[in-house]
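An overview of the molecular structure
Here is what each chain is made of, one letter per residue.
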Amino acid sequence: MTGEPFRGRPAPRPEAAAGAADAQAPGAPSGTPGAPGAAPARGGADAPAGRGAAGRLGRAAERLRAPVGSRGNALHAGAWWLWAVGLAVAASRTTNPLLLGLLVGVAGYVVAARRTDAPWARSYGAFVKLGLFVIALRVAFSALLGSPIPGTHTLFTLPEVPMPGWAEGIRVGGRVTGEQVLFAFYDGAKLATLLICVGAANALASPARLLKSLPGALYEAGVAVVVAMTFAPNMVADVFRLRTARRLRGRPTGGVRAVAQIGLPVLEGALERSVALAASMDARGYGRTAQVPAGVRRTTNALTLGGLLGVCAGSYGLLAAEGARYGLPLTAAGLAAAAAGLRLGGRRSVRSRYRPDRWGARAWLVAGSGAAVAALMIHAGTVAPEALHPGVVPPTVPELPLWPALSVLVGLLPAWVAPLPPAPPGPQESSP
Amino acid sequence: MIRFDDVTVTYADAAAPTLERVDLTVPEGELVLLVGPSGSGKSTLLGAVSGLVPHFTGGTLRGRVTVCGRDTRTHRPRELSDVVGTVGQDPRAHFVTDTVEDELAYGMESLGLPADVMRRRVEETLDLLGLAELRDRPIATLSGGQQQRVAIGSVLTTHPRVLVLDEPTSALDPAAAEEVLSVLQRLVHDLGTTVLMAEHRLERVVQYADRVVLLPGVGEAPVTGSPTEVMSVSPVHPPVVALGRLAGWSPLPLSVRDARRLAPALRDRLAGLSPAAAERTGGPALPPEPAEGAGPAGPPQPAEGAAAAEGRTGRSGSPPRRGPLRRVLDRLRTGSGGPRAHAPAPAPRTPDAGGPPAARLRGLTVRRGRVEALRGIDLTVSAGETVALMGRNGAGKSTLLGSLVGMVEPTSGTVAAGGLTPRRTPPRELIRQVGLVPQDPRDLLYAETVSAECAAADADAGADAGTCLGLVGTLLPDVDGATHPRDLSEGQRLALALAVVLTARPPLILLDEPTRGLDYAAKGRLVDLLRGLAGRGHSIVLATHDVELAAELAHRVVILADGEVVADGPTAEVVVSSPSFAPQIAKVLAPQRWLTVSEVAAALAGREEHR
């Protein structure tokens, strides 16, 4: 946490501080983003005060420091998701466990520095656990089902299941080599990192907030999705409650039977809650629509459907080897048509938006840092592919390539520029 | 503003209509209170106003309901959402978004109000309801009272002309309930909003109502009138009205203030008598009578199950189903007759101080993450003692009960229930020592029918087949064994859950918020039942917000705040001095220490006999 780094400094005269900050202001925010300005801000506790250039720099940094977050200056949820997608793209470009670990570390640090105490902010830990599970599963399957990776370092041999002739090519059990396990581990780690990036976005901006930025035509479908998403955590809470309630009946709380017996009540409860929520939403005006002429409705449908088809065909062209010529224009045309369709469709909806998230300079910085990580890693992949994909056959010790590692660190920027979450109520750590 | 013309509502698979030929007019700017026993159609009537009945619930509505001139037949609920704001019983089922501010704005967004109007109204509503500090908080982290205020706020922002509330204070502690009610008062007085509200806890709301609509029962025509008129005939009424009827006051008082102004004469009559003193010496607060032995308390009996069953049959069979207070009053008027001569004072007998305690907590601390839900709790419950745990929502009452049944692991300190450590005891053994009826009794009920539930309970407890069914037969005499537990009313479900718990005959019974959603009649039956159990040596711990219940039942009241015990002592001593935990009678008759109407009635009757 970057809580109160300036405490140790003798207080400068307020007017002097203000003047210096003003003098620095014009160039400071736009130029070199965050990192140089932010670094002193973090170490500011030790900075000597009010003396020459260092002092001015310190005050400029103070001006750049992230404000305490509130609804008004909340970072656009889309910025967090773009940042996370950037990290995820970077992760998809490498199998180097050191780089992947660095990416997870970067995501984790930003989450630790900027998450609120909202319930959804706890999802990061769950996603980390899921990631570990994915790695374990990937390694286990590789060991059990074999792998096309040739290897010479045999670790152990599992009893092999003889397969009938028609299942040729499928192997169960048999020799497990070090190379194969290593490859599976790298592969699993990549997938786990992708998941953890999604988890970070989830913890920093709840998907419901992202929904607020959807076009009006998609809003109602979006609400349905979000409500469906709350179904799962509520059901988990119900399972927990009913399992403990089983104790009160004198039945064991663990085991498959316990879960099977409470299955029906849990489903019933979830269903009841959904019906109650639907009634409440209806009574509060969900689904009020404006009258639109039939022609507009038909045009909307045609545009949206045609646009989506265009996007599908276009992206196929882009991905296939030979269709790159018509792929790009087709995709663009499809996107345009779909966007027009959505815009027209929005006329049917009477909804207005309350305090939509604003896309400001800080949002640019956060989204940009994610994009930069992705771009630099893609670039590194073309320049030094061998550093991003450490050898498996023969196994080599992965090295930490300097420039890709530094470029990953760019992803730490949000830990300084994003608004600081307000201190949670109640007794928390009062000073750093 | 709201008109019902000859409205009859019949649900799809119901034999009889839930509402029959209701004619009702609610003028603009009134706070109208809807009262009546459970199942008399209050929720249906409220739903018909917002159009959810029949558009959402199904069933047929005959006749015509108009709100602000809009016929609910042609307007779906969403098309009424700008004139009617509805808040249901459970605020958690009401929330669509996840933070307070978004929730307040949701209804306005649906109506398509411009951004600046929304912004202004959200700020106004935050101030009106005192929610300003909570604006960015996730709703899931709020307390019950705060959630209820957010739910009310979320329908207020659209500036509805009518507000429909179904039991807005039932789940709240007394202070939070006051908060919500004062907001409603302001809305009615300052903004001219029409409020239609159903509530079981009349002692909290009746004095605020401009008009009361009484639904006496299924198919009976509603009685409409001023609160005083309706309360003088209503089968459901708050204690202060019961006291007024007992003392023959006119006009009938509805609030503590009215009653206090009428009370000096009654206080003089009661001057020489003191229930508190009698309680401490162990005797009942009334002159001993032979009829007392046949009363619900009876002499302490070692054999619990069968005796309990018989005791209940004998009692619940004879008097017709009416409110307990009414019964007491009737009996007072006709002299002391009937099997229950006098409702006993809170102490049917003193707890055995000598025996081993039913439960003992020593330095109990429970942490949830970084929050200490309970801190250094020392508490002993002796055999045969009834203890009421009170305190704010979130003060740690449920956690304390949970630790006694091993659902909550103590962070430090020791918990013993009947000599066992709950967390280390297999559930099968534990239920013979301690039984908990959770806040939502549905958590305990898994089976498809009442009979199947009972059979399962017998098997769980290792009791003789039919034990539980026998208990159900006495607690719920008119319930068919083939009924699905979900089709029971709240009170019946509670009784079923209690029967399930009692099947294992635990000496210690815990109840978490047992009167939530119960009407006075159901509550009266529960009080009788628990008194009977206490009389037979069961220890009972109730976590409750219901001060009247605590006054009726408890020997001792323990008040928790922020996970610590802040008061622990005999009921009369603890509650009389507290502004929020004192029952109405205590407030009216303070500084004398009377807690319930039945105490007063008994004392007055005793006095007359002495003459």
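As the structure is a prediction and not an experimental result, all values here were calculated from the model.

A word on the pattern of salt bridges
Counting across every chain of the model gives 33 salt bridges over all chains. In this structure, B:Arg135 engages B:Glu123 in a salt bridge whose closest nitrogen and oxygen atoms are separated by 2.6 Å. Placement of B:Arg135 in the loop between α5 (115–128) and α6 (144–156) and of B:Glu123 in helix α5 is noted, with a sequence separation of twelve residues between them. Looking at B:Glu123, the relative accessible area reads 26%, which means it is partly exposed. Residue B:Asp568 pairs with B:Arg556 through a salt bridge whose shortest N-O separation is 2.9 Å. Of this pair, B:Asp568 sits in strand β19 (residues 564–570) while B:Arg556 sits in strand β18 (residues 556–561); the two residues are twelve residues apart in sequence, bridging distant segments of the chain. By relative accessible area, which is 40% here, B:Asp568 ends up partly exposed. Each of the salt bridges in this network shares a partner with another, and the network as a whole consists of A:Arg355, B:Glu101, B:Arg119, B:Glu123 and B:Arg135.

Details of the sheet that holds strand β8 (residues 194–198) of chain B
All names here are of chain B. Read across the sheet, six strands follow the order β6-β7-β8-β3-β9-β10 without closing on themselves; strand pairing throughout is mixed. Two strands lie at the open edges of the sheet, namely β6 (84–87) and β10 (223–225), each paired on one side alone. Direction aside, the axes of adjacent strands within the sheet are offset by 15° on average. Across three bridges, the pairing between strand β9 (residues 211–214) and β10 is antiparallel. If you follow Val213 over to β10, its bridge partner there is Thr224. Here α6 sits on the sheet in contact with β6 and β7 (162–166), set at roughly 165° to β6.

What about unusual backbone geometry?
Residue and element names in this part refer to chain B. With an omega dihedral of 5°, the bond running from Val53 to Pro54 counts as a cis peptide bond. Here the residue pair Ser250 and Pro251 is connected by a cis peptide bond, since its omega of -5° sits within 30 degrees of zero. Non-glycine residue Asp6 carries a positive phi angle of around 50°. Positionally, Asp6 belongs in strand β1 (residues 2–10). Backbone geometry places Glu513, a non-glycine residue, at a positive phi of 50°. Overall, the relative accessible area of 6% leaves Glu513 in the buried class.

Description of a nonpolar patch on the surface
There is a patch of nonpolar side chains on the surface, built from A:Leu130, A:Phe133, A:Leu137, A:Phe141, A:Leu144 and A:Leu145 and spanning about 540 Å² of accessible area. Inspection of the secondary structure puts A:Leu130 in helix α6 (residues 123–145).

Quick word on the domain arrangement of chain A
Along its sequence, chain A is carved into domain 1 (14–64), domain 2 (77–210 + 358–417), domain 3 (214–283) and domain 4 (294–348). Computed from C-alpha atoms alone, the centre-to-centre distance between domain 2 of chain A and domain 3 of chain A is 32 Å.

Side note on the nonpolar core
Residue and element names in this part refer to chain B. Leu33, Leu163, Met197 and Leu589 are the most contacted members of the largest nonpolar core, which has 68 residues in total. Of all the elements, helix α7 (residues 174–191) adds the most residues to this core, at eight residues. For this core, the two domains that each supply at least three residues are domain 1 (2–236) and domain 2 (241–433 + 506–611). Setting aside anything within four residues of it in sequence, one finds Met197 in contact with Leu31, Val32, Leu33, Leu34, Leu165, Pro168, Leu181, Leu184 and Val205.

As for the interface of chain A and chain B
Taken together, the contacts link 49 residues of chain A with 66 residues of chain B. Buried area between chain A and chain B, both sides added, is near 4,900 Å², and the carbon and sulfur share of it is 52%. The interface formed by chain A and chain B includes ten salt bridges. Salt-bridge contacts for A:Asp282 lead to B:Arg78; the nearest nitrogen and oxygen are separated by 3.0 Å. Viewed at the interface, chain B and chain A are joined by 23 residue pairs in polar contact (both at pLDDT 80 or more). If one sorts the elements of the side of chain A that touches chain B by residue count, helix α10 (residues 255–283) of chain A sits on top with 15 residues. Here the residues of the side of chain A that touches chain B sort into 23 nonpolar, ten polar and 16 charged.

Let's talk about helix α4 (residues 100–111) of chain B
Residues and elements named next belong to chain B. With respect to burial, α4 is a largely interior element, twelve of its twelve residues being buried. Along α4, the residues classified as buried are Val100, Glu101, Asp102, Glu103, Leu104, Ala105, Tyr106, Gly107, Met108, Glu109, Ser110 and Leu111. Of the residues flanking the end of α4, it is Gly112, one or two places downstream, whose phi is positive at about 75°.

Some remarks on the domain arrangement of chain B
Residue and element names in this part refer to chain B. One can read the domain layout of chain B as domain 1 (2–236) and domain 2 (241–433 + 506–611). Across the contact, 25 residues belong to domain 1 and 24 residues belong to domain 2. Seen at the junction of domain 1 and domain 2, the total is zero salt bridges. Seen at the junction of domain 1 and domain 2, the total is seven residue pairs in polar contact (both at pLDDT 80 or more). Of all the elements in the fold, those that place two or more residues in the side of domain 1 that touches domain 2 are α6, α7, α8 (202–205) and α9 (227–233). Examining the composition of the side of domain 1 that touches domain 2, we find that five residues originate from one element, α9, more than from any other. Tallied by class, the residues present in the side of domain 1 that touches domain 2 amount to eleven nonpolar, eight polar and six charged.

Focus: the environment of A:Tyr219
Within the secondary structure, A:Tyr219 is located in helix α9 (residues 216–248). In the structure, A:Tyr219 is positioned 68 residues away from A:Gly287 in sequence and 10.0 Å away in space, judged by C-alpha atoms. With sequence-adjacent residues up to four places away left out, A:Tyr219 is seen in contact with A:Leu211, A:Arg351 and B:Tyr106.

Some thoughts on the packing of helix α4 (residues 77–92) of chain A against helix α5 (residues 97–114) of chain A
All names here are of chain A. The interhelical angle for the contact between α4 and α5, taken along N-to-C directions, is 165°, at an axis separation of 9 Å. The angle between α4 and α5 places the two elements in the roughly antiparallel class. The chirality of how α4 crosses α5 is left-handed. Judged by residue contacts, Trp80, Trp83, Leu87, Ala90 and Ala91 of α4 engage Leu100, Leu103, Val106, Ala107, Val110 and Arg114 from α5. Residues of the contact of α4 with α5, tallied by class, amount to ten nonpolar, no polar and one charged.

Some points on the packing of aromatic side chains
Residue and element names in this part refer to chain A. A full pass over the atoms with the stated rule returns four aromatic pairs over all chains. Between Trp80 and Trp83, the aromatic rings sit 5.6 Å apart at their centres with planes inclined by 80°, giving edge-to-face as the arrangement. Taken together, the residues Trp80 and Trp83, both in helix α4 and three residues apart, mark about one turn of the helix. Accessibility expressed as a relative area gives 4% for Trp80, which makes it buried. With centroids separated by 6.2 Å and ring planes inclined at 50°, the aromatic side chains of Phe185 and Tyr186 adopt a geometry described as tilted. Phe185 gets classed as partly exposed once you look at its relative accessible area, which sits at 34%.

Thoughts on the environment of B:Val35
All names here are of chain B. Along the chain, Val35 falls in strand β3 (residues 31–35). For Val35, a relative accessible area of 0% gives the class buried. Sequence-wise, Val35 and Pro216 are 181 residues apart; in three dimensions their C-alpha atoms are separated by 8.2 Å. For Val35, the residues in contact, after removing those within four places along its chain, are Lys42, Glu199, Leu202, Val212, Val213, Leu214, Leu215 and Val236.

What counts and how
- Residues numbered from 1 in each chain as written.
- Chains lettered and ligands numbered in written order.
- Predicted model: local features only at pLDDT ≥ 70, side-chain atom pairs only at ≥ 80, totals over all residues.
- Heavy atoms only, no water.
- Salt bridge = Lys/Arg side-chain N within 4 Å of Asp/Glu carboxyl O.
- Helix = DSSP H or I, 4+ residues; strand = E, 2+ residues; numbered from the N terminus.
- Buried < 20%, exposed > 50% of the residue type's maximum accessible area, 1.4 Å probe, protein only.
- Pairing = 2+ DSSP bridges.
- Axes fitted to C-alpha atoms, helices over the stretch in contact; angles between N-to-C directions.
- Contact = heavy atoms within 4.5 Å.
- Patch = residues over 30% accessible without salt bridge, like charges linked within 9 Å, V, L, I, M, F, W, Y side chains within 5 Å.
- Areas by Shrake-Rupley, 256 points an atom, 1.4 Å probe, with all protein chains shown as cover.
- Domains from an automatic or database assignment.
- Core = buried A, V, L, I, M, F, W, Y, C linked by side-chain atoms within 4.5 Å.
- Buried area = accessible area lost by both parts, 1.4 Å probe.
- Polar contact = N/O pair within 3.5 Å; in protein donor to acceptor, adjacent residues only side chain to side chain.
- Nonpolar A, V, L, I, M, F, W, Y, C, P; charged D, E, K, R; others polar.
- Parallel < 35°, antiparallel > 145°, perpendicular 65-115°, else oblique.
- Left-handed = near helix turned anticlockwise from the far one by under 90°.
- Phe/Tyr/Trp six-rings, centres within 6.5 Å; stacked < 30°, edge-to-face > 60°.

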